[in-house]
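Fold and geometry: a report
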Amino acid sequence: MPDERWSSVTQRRLPRPSELKEILRPKPIVLNPTDRRLAAAHTIADLRTIARKRTPRAAFDYTDGAAELEDSLRRARQAYRRVEFQPNVLRGVSDVDTSREILGTRSALPFAFAPTGFTRMMQTEGERAVARVAQRNTMPMALSTMGTTSIEDLAAAAPDARKWFQLYVWRDHGAGEDLMNRAWESGYDTLLLTVDTPVAGQRLRDVRNGLTIPPALTLKTFADGAMHPAWWFNLLTTEPLNFASLNHFGGTVADLLDKLFDPTLNFDDLDWVRQTWPGKLVIKGVQNVDDARDVVKHGADAVLLSNHGGRQLDRAPTPIELLPATLDEIQDSAEVWVDTGILSGGDIVAALARGANAVLIGRAFLYGLMAGGERGVQRCVDILRTEMIRTMQLLGVRRVDDLRPTHATLR
Ligand SMILES: Cc1cc2nc3c(=O)[nH]c(=O)nc-3n(C[C@H](O)[C@H](O)[C@H](O)COP(=O)(O)O)c2cc1C
């Protein structure tokens, strides 16, 4: 006998065709396979998952990995997870202004693409793709001394992008001077002098994978070709991978790598760079307050708090934690920027709220590049921008310039 207490209260009927039409909304067909792939990426972690599938292990690990136990990188990322946002309500946040003045020029976004070496090894479109996305979004990008596109070719690929050049200085000042002259003449307005590389960090994944630059065709890599045919096809059918801006200095890639990291570097070299470079100068890789003060005394326009994405000294200080003390010391005389560990728009908002004038991203855009070339880099920017805007709206802040340390506390 049916139990009266549980008899159904739901009355059923057949749906009307008009009602069915309302809810039957097939997804639009995306013809381009790259766009289709990227449409499934909603976070930078999703882009990383796609990147990993599409890139040979050695190249993916070169990008994804860090030095030794990778604690510098892990801790930097963890620090962003320890941020607690302090929102205000009822603030009218319908249109958010994400723009930011960075060293005298307004940028539509408060973040820039960090300099990365061997970018065409991750995906063949390389630095050109990154510069074109920078141009389209009115944001800056930095070309590495170890770039796989030359200073001049990059300028031609994105003439209207705001371009910065990252310099490794070595004993032979002539080579450095040549690079600075070429960058200045090609319209790069800012020099990032990297100072956290007296020697190369020990990247164990690269050692274990037997990574060579450029990648060698061994039995193992040949087998990998079957898994990543598009990547290998691109490698073999486009211009060879090399340090494009250093071509005419001669020597093998190994010779150049040896020269690029110079353990004798000191403040005299910084003084020489300051005298030689006519544009804005940023010191990249500063990791304590005393050094920040000193490089500013020696003429830096901005200090980039960075541990090189955890790729140099392991167990290094966490850049976002250095912000308050560094700002107290130098913010009246120089800008303070930050990078390492940033993987979301929320991370960017947190860094800005804690006082950074600008933020650089490295792996985030490289995951996009590996996932889908230029379109993938654009997807990275779209994800970060959307996340930034939503975070700011939920925080009750309409302009990047209105973010304050009280909006993001570190727990
Ligand atoms: C694959 C790769 C290559 C890099 N190459 C350079 C380089 O040539 N010069 C440099 O100053 N920094 C280099 N960096 C460091 C970045 O400029 C930046 O400091 C770092 O990636 C920021 O950390 P994130 O990747 O967690 O965003 C590289 C980083 C990566 C991931």
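Residues numbered from 1 in each chain as written. Predicted model: local features only at pLDDT ≥ 70, side-chain atom pairs only at ≥ 80, totals over all residues. Heavy atoms only, no water.

Notes on the layout of surface pockets
Quantified by volume, the largest pocket comes out at close to 880 Å³. Residue assignment for the lining of the largest pocket shows that the elements contributing at least two residues are helix H4 (57-64), helix H5 (71-81), helix H10 (204-209), helix H13 (253-260), strand S11 (358-361) and helix H18 (363-395). For the lining of the largest pocket, the element with the highest residue contribution is H13, accounting for four residues. By volume, the second largest pocket amounts to about 400 Å³. Taken together, 21 residues line the second largest pocket, and the ones lying closest to its centre are Val195, Asp196, Phe267, Asp291 and Val295. Among the secondary structure elements, those contributing two or more residues to the lining of the second largest pocket are strand S7 (190-194), helix H14 (267-276), strand S8 (280-286) and helix H15 (289-297). Broken down by class, the residue content of the lining of the second largest pocket amounts to 11 nonpolar, six polar and four charged. (1 Å grid on protein atoms, 1.4 Å probe; cavity = no way out; pocket = protein on both sides within 12 Å on 5 of 7 lines; lining within 4 Å. Points joined across faces, edges and corners; volume = space filled by probe spheres on them. Helix = DSSP H or I, 4+ residues; strand = E, 2+ residues; numbered from the N terminus. Nonpolar A, V, L, I, M, F, W, Y, C, P; charged D, E, K, R; others polar.)

Quick word on the environment of Arg37
Relative to the helices and strands, Arg37 resides in helix H2 (residues 33-39). Accessibility expressed as a relative area gives 21% for Arg37, which makes it partly exposed. In the structure, Arg37 is positioned 101 residues away from Thr138 in sequence and 25 Å away in space, judged by C-alpha atoms. With residues near it in sequence (within four places) discarded, Arg37 still touches Ile50, Arg54, Ala371 and Gly372. (Buried < 20%, exposed > 50% of the residue type's maximum accessible area, 1.4 Å probe, protein only. Contact = heavy atoms within 4.5 Å.)

With respect to the UniProt feature "active site" (unreviewed entry) in the protein
The sites that carry the UniProt feature "active site" (unreviewed entry) are, in the present numbering, His308. Apart from the residues lying within four places of it in its own chain, the contact partners of His308 are Tyr168, Thr194, Asp196, Thr197, Arg203, Lys284 and Thr340. Of the polar contacts made by the side chain of His308, one reaches the side chain of Asp196; its length is 2.8 Å. (UniProt positions renumbered as here; feature names shortened; annotations may be inferred. Polar contact = N/O pair within 3.5 Å; in protein donor to acceptor, adjacent residues only side chain to side chain.)

Brief notes about H4
Burial within H4 is extensive, with six of its eight residues counted as buried. Looking at H4, one finds that the buried residues are Ala59, Phe60, Asp61, Tyr62, Thr63 and Asp64. Residues of H4 that are buried make contact with helix H3 (44-54), H5, helix H6 (119-122), H10, helix H12 (229-237) and H18.

Notes on empty space enclosed by the protein
Gaps left between atoms are located by rolling a probe of water-molecule size over the structure's atoms. By the definition in use, this model includes one cavity of 30 Å³ or more. Computed from the structure, the largest cavity encloses a volume of approximately 40 Å³. Ala114, Thr116, Thr119, Glu127, Val130, Met141, Ala142, Leu143, Ser144 and Phe365 together form the lining of the largest cavity. Sorting the residues of the lining of the largest cavity by element identifies helix H7 (126-136) and strand S5 (141-143) as the ones contributing at least two each. Looking at which element gives the most residues to the lining of the largest cavity, the answer is S5, with three residues. Tallied by class, residues from the lining of the largest cavity come to six nonpolar, three polar and one charged.

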